[in-house]
Amino acid sequence: MERTLVIIKPDATNRGLAGEIIHRFERKGFKIVAMKMKHLSDKVLEEHYAHLKDKPFFPGIKKFMQRAPSILMVLEGRRVVDVARKLAGVTEGTEAMPGTIRGDFSLSLQATIIHASDSKETAEKEIRRFFSKEEIYDYEKIDSDLIYSESERGE
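Because the structure is predicted, anything quoted here is derived from the model rather than measured.

What counts, and where the lines are drawn
Residues numbered from 1 in each chain as written. Predicted model: local features only at pLDDT ≥ 70, side-chain atom pairs only at ≥ 80, totals over all residues. Heavy atoms only, no water. Phe/Tyr/Trp six-rings, centres within 6.5 Å; stacked < 30°, edge-to-face > 60°. Lys NZ or Arg CZ within 6 Å of the ring centre and 35° of its normal. Helix = DSSP H or I, 4+ residues; strand = E, 2+ residues; numbered from the N terminus. Contact = heavy atoms within 4.5 Å. Pairing = 2+ DSSP bridges. Axes fitted to C-alpha atoms, helices over the stretch in contact; angles between N-to-C directions. Salt bridge = Lys/Arg side-chain N within 4 Å of Asp/Glu carboxyl O. Buried < 20%, exposed > 50% of the residue type's maximum accessible area, 1.4 Å probe, protein only.

## Brief notes about the packing of aromatic side chains
For step 1, the next point in the chain: Using the criterion set out here, one finds zero aromatic pairs in the structure.
For step 2, the next point in the chain: Positioned above the aromatic ring of Y139 is the side chain of K31, whose terminal nitrogen or guanidinium carbon lies 4.8 Å from the ring centre.
For step 3, the next point in the chain: Looking at K36, its charged tip hangs above the ring of F131, at a distance of 4.7 Å from the centre.

As structure tokens, this is what we get:
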């Protein structure tokens, strides 16, 4: 089954939106297989945002991401990478469609509420960056047979 990383960013934590965001993913049928709250270190942020590290605005991103703890989650489910990105909405909050997380809660390009991995390969790297194998749980959701076909469940 496919997995992805979702980060509920400090702006969402500060605004009391974490429960609503988690609820949206659960309502969609995704399984939370790992979750924790954490202040992100310089080292982790520099690794996670390596593609932006040399940009003049990177210190602002780092400061923003360290204002409050983030909530890190690993979600599991059918096409979870693509669907989580759709639920998050486009990065620019003013352009995100109503009904998406960013469309409903963000008016900013920097305060984007959420991060969701952009590909299966990226998700695997990001999950390893933030979670050990021991922090990720395997369990059967009671509604799995309603969501996944027999072949997707490995039967």
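## Things to note about the environment of L45
For step 1, the next point in the chain: Position of L45 relative to the elements: it lies in helix α3 (residues 42-48).
For step 2, the next point in the chain: Along the chain, L45 and F64 lie 19 residues apart, while their C-alpha atoms are 11 Å from each other.
For step 3, the next point in the chain: In this structure L45 touches L40, F58, K62, M65 and Q66, once residues within four positions along its chain are discounted.

## What about the sheet that holds strand β4 (residues 114-116)?
For step 1, the next point in the chain: Taken together, the four strands give an open sheet; going across it, the order is β2-β3-β1-β4, and neighbouring strands pair in antiparallel fashion. Every interior strand has two partners, whereas the edge strands, β2 (31-38) and β4, have only one. Direction aside, neighbouring strands of the sheet carry axes that sit 15° apart on average.
For step 2, the next point in the chain: Across three bridges, the pairing between strand β1 (residues 3-8) and β4 is antiparallel. Note that in β4 the partner of I8 across the bridge is I114.

## A look at unusual backbone geometry
Peptide bonds are, in most cases, trans, and in most cases residues other than glycine have a negative phi.
For step 1, the next point in the chain: Look at R79: it is not a glycine, yet its phi comes out positive at around 55°.
For step 2, the next point in the chain: When you line up the elements, R79 lands in the loop between β3 (70-76) and α5 (80-88).
For step 3, the next point in the chain: With a phi angle near 75°, I113 is a residue other than glycine that sits in the positive phi range.
For step 4, the next point in the chain: Examined against the element boundaries, I113 turns out to sit in the loop between α6 (101-105) and β4.

## A word on the pattern of salt bridges
For step 1, the next point in the chain: By the definition in use, this model includes ten salt bridges.
For step 2, the next point in the chain: Two residues, E20 and R24, come together in a salt bridge whose shortest N-O distance is 2.9 Å. Residue E20 and its partner R24 are both found in helix α2 (residues 18-28); the two are separated by four residues, about one turn of the helix.
For step 3, the next point in the chain: Judged by its relative accessible area of 30%, E20 is partly exposed.
For step 4, the next point in the chain: R24 sits in the buried class, given a relative accessible area of 12%.
For step 5, the next point in the chain: One salt bridge in this structure joins E135 and K36, with 3.1 Å as the shortest N-O distance. In this pair, E135 sits in the loop between α7 (120-130) and α8 (144-147) while K36 sits in strand β2, placing the two residues 99 residues apart along the sequence.
For step 6, the next point in the chain: When its relative accessible area of 30% is taken as the criterion, E135 is described as partly exposed.
For step 7, the next point in the chain: Salt bridges here are not isolated pairs; linked through shared partners, they connect R3, K31 and E76.

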